[in-house]
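# Residue-level structure breakdown
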Amino acid sequence: MSHLAGKKRMPSIDYLTSDPDLHLLLEDGALIRAARWQGHHALFMLPEIPHHLWIVSRQNSHFSPFEERGVLIGDITFYDQFGAHRLTSHLTSVPGKGWGPREGSLSRWTSGRALLEFDCSPNSTAGILSMEVCSTGPYRLWPHEEPQQPPAV
């Protein structure tokens, strides 16, 4: 047993989850969870169009010990009384804070906390934000977290 003293144990498979714990963080600190999942799309009810918000999820270092990734985001569309507004700032060559590498031309990884700028002009209209989640996890659960079932997709 003395040869194991001071060695870190690898996390057990019991401490892994595919649930990204995806949510939004608004400028005022409000946290918004997905109202529902439709296939691979997370749907969020927004009380108004913000100037920007943060896309927050768990992180994993499955790809590289030097780079943590959150979720792979594809299409983002905001729906309000005026119609559908496709948001593309995350797909530009110079994305905002918290965005990682692109996967082709239609999706980009977050680092677990990514800034999403709204391309449409802000107003006080409530709406629904639809985010295509192309890939997730696995994510390590920390001792204080309870394993949960991933959202049905």
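These numbers come from a predicted model, not from an experiment. (Residues numbered from 1 in each chain as written. Predicted model: local features only at pLDDT ≥ 70, side-chain atom pairs only at ≥ 80, totals over all residues. Heavy atoms only, no water.)

On to the nonpolar core. Formed by 24 residues in total, the largest nonpolar core has its most connected members in Leu22, Leu24, Leu46, Leu53, Ile55, Phe118 and Leu129. The contact partners of leucine 129, leaving out residues within four places of it in the chain, are Leu24, Ala42, Leu43, Phe44, Leu46, Leu53, Ile76, Thr77, Phe78, Leu87, Leu116 and Phe118. (Core = buried A, V, L, I, M, F, W, Y, C linked by side-chain atoms within 4.5 Å. Buried < 20%, exposed > 50% of the residue type's maximum accessible area, 1.4 Å probe, protein only. Contact = heavy atoms within 4.5 Å.)

Once that is clear, we can look at the side chain of serine 130. As for its placement among the helices and strands, serine 130 is situated in strand 14 (residues 127-135). Polar contacts involving the side chain of serine 130 include one to the side chain of histidine 41, which spans 3.4 Å. For serine 130, the residues in contact, after removing those within four places along its chain, are His41, Ala42, Leu43, Asp75, Ile76, Thr77 and Tyr79. (Helix = DSSP H or I, 4+ residues; strand = E, 2+ residues; numbered from the N terminus. Polar contact = N/O pair within 3.5 Å; in protein donor to acceptor, adjacent residues only side chain to side chain.)

Together, Met45, Tyr79 and Ile128 make up a nonpolar patch on the protein surface, roughly 290 Å² of accessible area in all. Relative to the assigned elements, methionine 45 resides in strand 5 (residues 41-46). (Patch = residues over 30% accessible without salt bridge, like charges linked within 9 Å, V, L, I, M, F, W, Y side chains within 5 Å. Areas by Shrake-Rupley, 256 points an atom, 1.4 Å probe, with all protein chains shown as cover. Salt bridge = Lys/Arg side-chain N within 4 Å of Asp/Glu carboxyl O.)

A cluster of acidic side chains, namely Glu27, Asp28, Glu48, Glu117 and Asp119, defines a negative patch on the protein surface. Note on placement: glutamate 117 falls in strand 13 (residues 113-117). (Lys, Arg positive; Asp, Glu negative; His and termini not counted. Charge placed at Lys NZ, Arg CZ, Asp CG, Glu CD.)

Here the focus is the sheet that holds strand 6 (residues 52-56). If you walk across this open sheet you meet the four strands as 3-2-6-13, and the pairing is antiparallel. The sheet is open, and its two edges are formed by strand 3 (31-33) and strand 13, each paired on a single side. Averaged over all adjacent pairs, the angle separating strand axes in this sheet is 30°, with direction ignored. The pairing of strand 2 (residues 23-26) with strand 3 spans three bridges and is antiparallel. Within strand 3, the residue paired with leucine 24 across the bridge is isoleucine 32. (Pairing = 2+ DSSP bridges. Axes fitted to C-alpha atoms, helices over the stretch in contact; angles between N-to-C directions.)

Before going further, it helps to examine the packing of aromatic side chains. By the definition in use, this model includes one aromatic pair. With centroids separated by 5.8 Å and ring planes inclined at 80°, the aromatic side chains of phenylalanine 78 and phenylalanine 118 adopt a geometry described as edge-to-face. Here phenylalanine 118 lies in the loop between strand 13 and strand 14 and phenylalanine 78 lies in strand 9 (residues 72-80), a separation of 40 residues in the sequence. With a relative accessible area of 10%, phenylalanine 118 lands in the buried category. (Phe/Tyr/Trp six-rings, centres within 6.5 Å; stacked < 30°, edge-to-face > 60°.)

Summarising burial for strand 6: four of the five residues are buried, a large majority. Pairing of strand 6 with strand 13 involves five bridges; the strand directions are antiparallel. Residue pairing in the sheet places tryptophan 54 in a bridge with leucine 115 of strand 13.

This paragraph deals with the pattern of salt bridges. Summed over the entire model, instances satisfying the criterion amount to four salt bridges. Its salt-bridge partner being aspartate 19, residue arginine 58 comes within 3.6 Å of it at the nearest N-O pair. In this pair, arginine 58 sits in the loop between strand 6 and strand 7 (60-64) while aspartate 19 sits in the loop between strand 1 (16-17) and strand 2, placing the two residues 39 residues apart along the sequence. When its relative accessible area of 10% is taken as the criterion, aspartate 19 is described as buried.

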